[in-house]
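Report on the structure
For reference, the chains in residue letters:
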Amino acid sequence: MLKIAITGATGLVGSKIIELLNKDFEFVLLSQKLMNITNPKQVFETLKNLNFDFLLHLAAYTNVAKAEEEKELAYKINVEGTKNVFEVCSFKKKKFIYISTDFVFDGKKENTPFFENSKPNPTGFYGLTKYKGEQIVKNQAMIVRISYPYRDFFPKKPDFVHKIKNLLSQNKPLKMIKNGLITPTLIDDIAFGLKYLIKNYTNEIFHLVGSVSLSPLMAAKIIAKKFKLPLSLIGETTYAEYIKEKPGIPQYSDIRSNKNNFFRMSDFETGLEKIIRTQK
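Before going into details, it helps to say that this report is about the structure given with it. (Residues numbered from 1 in each chain as written. Predicted model: local features only at pLDDT ≥ 70, side-chain atom pairs only at ≥ 80, totals over all residues. Heavy atoms only, no water.)

Focus: the side chain of serine 118
Inclusion rule: Only DSSP runs of H or I with at least four residues qualify as helices, and only runs of E with at least two residues qualify as strands; both kinds are numbered from the N terminus onward. When checking whether two residues touch, look at their non-hydrogen atoms; a contact exists if any pair is within 4.5 Å.
Mapped onto the secondary structure, serine 118 falls in the loop between β4 (95-101) and α5 (125-137). Sequence-distant contacts of serine 118, defined by excluding residues within four places in its chain, comprise Phe105 and Pro113.

Section: the environment of serine 90
Tracing the backbone shows serine 90 in helix α4 (residues 71-91). Here the alpha-carbon distance between serine 90 and alanine 240, two residues 150 residues apart in the chain, equals 43 Å.

Thoughts on the pattern of salt bridges
Basically, it comes down to this: The salt bridge definition used is simple: a Lys or Arg side-chain nitrogen within 4 Å of an Asp or Glu carboxyl oxygen. For every residue, the accessible area obtained with a 1.4 Å probe (protein chains only) is divided by the maximum for its type, and the residue is called buried under 20%, exposed over 50%, and partly exposed between those limits.
Following the criterion strictly, the structure yields 16 salt bridges and no others. One salt bridge in this structure joins lysine 259 and glutamate 204, with 2.9 Å as the shortest N-O distance. Taken as a pair, lysine 259 in the loop between α9 (239-245) and α10 (268-279) and glutamate 204 in the loop between α7 (187-199) and β9 (205-207) lie far apart in primary sequence, 55 residues in all. Taking relative accessible area as the criterion, lysine 259 reaches 26% and is therefore assigned partly exposed. Between lysine 226 and glutamate 269 there is a salt bridge, with its nearest N and O atoms 3.4 Å apart. Of this pair, lysine 226 sits in helix α8 (residues 216-226) while glutamate 269 sits in helix α10; the two residues are 43 residues apart in sequence, bridging distant segments of the chain. For glutamate 269, a relative accessible area of 31% translates into the label partly exposed.

Some details on the packing of aromatic side chains
What counts is decided by this rule: Two aromatic rings from Phe, Tyr or Trp, using only the six-membered ring of Trp, form a pair when their centres are within 6.5 Å; if the ring planes differ by under 30 degrees the pair is stacked, by over 60 it is edge-to-face, and anything between is tilted. In our convention, an over-ring charge means Lys NZ or Arg CZ found within 6 Å of a ring centre and within 35 degrees of that ring's normal.
Applying the stated rule across the entire model yields 14 aromatic pairs. Ring geometry for phenylalanine 105 versus phenylalanine 114: centroids 4.6 Å apart, planes at 10°, classification stacked. One exposure class covers both phenylalanine 105 and phenylalanine 114, and it is buried. Joined through ring pairs, the aromatic side chains of Phe103, Tyr126, Tyr148, Tyr150, Phe160 and Phe268 make up one cluster. For lysine 94, the ring lying beneath its charged end belongs to phenylalanine 52, and the centroid distance is 6.0 Å. If you follow lysine 259 out to its NZ or CZ, it ends over the ring of phenylalanine 206, 5.0 Å from the centre.

Details of helix α2 (residues 40-47)
Quick reminder: α-helices carry 3.6 residues per turn. Residues three or four places apart thus point the same way. Rules: As used here, the arc is the angular range of directions from the helix axis to the C-beta atoms. Two N or O atoms count as a polar contact when they lie within 3.5 Å, although within protein this holds only if one can serve as hydrogen donor and the other as acceptor, and sequence-adjacent residues are included solely when both atoms are side-chain atoms.
When α2 is considered as a whole, its buried residues turn out to be Val43, Thr46 and Leu47. Angular distribution of buried residues about the axis of α2 spans 85°; they occupy a single face of the element. Here the buried face of α2 lies against β2 (26-30), β3 (54-57) and α4. A distance of 3.2 Å separates the backbone nitrogen of lysine 41 from a side-chain oxygen at the start of α2, and that oxygen is part of asparagine 39.

These results come straight from atomic positions and should not be treated as a statement about function.
See the structure below:
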């Protein structure tokens, strides 16, 4: 059985990957307590004698809006942290998978859709740090970009679906972007797509993303409909207004794959139906 060391193992995405694939692979959990990725000496000491075949690197600074203020911290984790872990893996000649994001693209409508070979041009600082991480490992590791991941309820860090659901459940109004696109991706699909990629490893870029892009406004309406919550609480806003409060997000995250012929990714409605079934 392949042995996979994993950073970010307790997070939204990592914990679900382990839950779904723990019969296929043996996971070695590299918690922050065990290995602070920003400490190169600690990374080396932790990994040098550790037995593993792959390292799946999920640990990241992911607060997009706050990254615009906490630039030093975001850079330290996403760029220097990636470099520290990757250098030891390279030294040990171990395979490395870097989980990246659609935020490496500029989100400009005229450049959409974004495929694996599209040119990154991040506009926010979070996206910039993730792209710099890609540049560290490119052509020497596998890069897997994901987009707006969601799953069954995860209390430690609710995803965007559950944040919207929680607000609507509390009868709180919200304003959603009408002139933009997101590509929601079921984390279960990411896990099963990764299962194939691990078993068929190459030093390439892959997109594991949902099969449909839609506006945040439409996404919120679908969430309300599926969870039987009031549509009347959902208002509209523009991208320009929204980013005044929460900067760093691309406007049109219409991300697709021209390489994924190995796992069928869910559209948003189907993905929500799957998590609703598992929560019953």
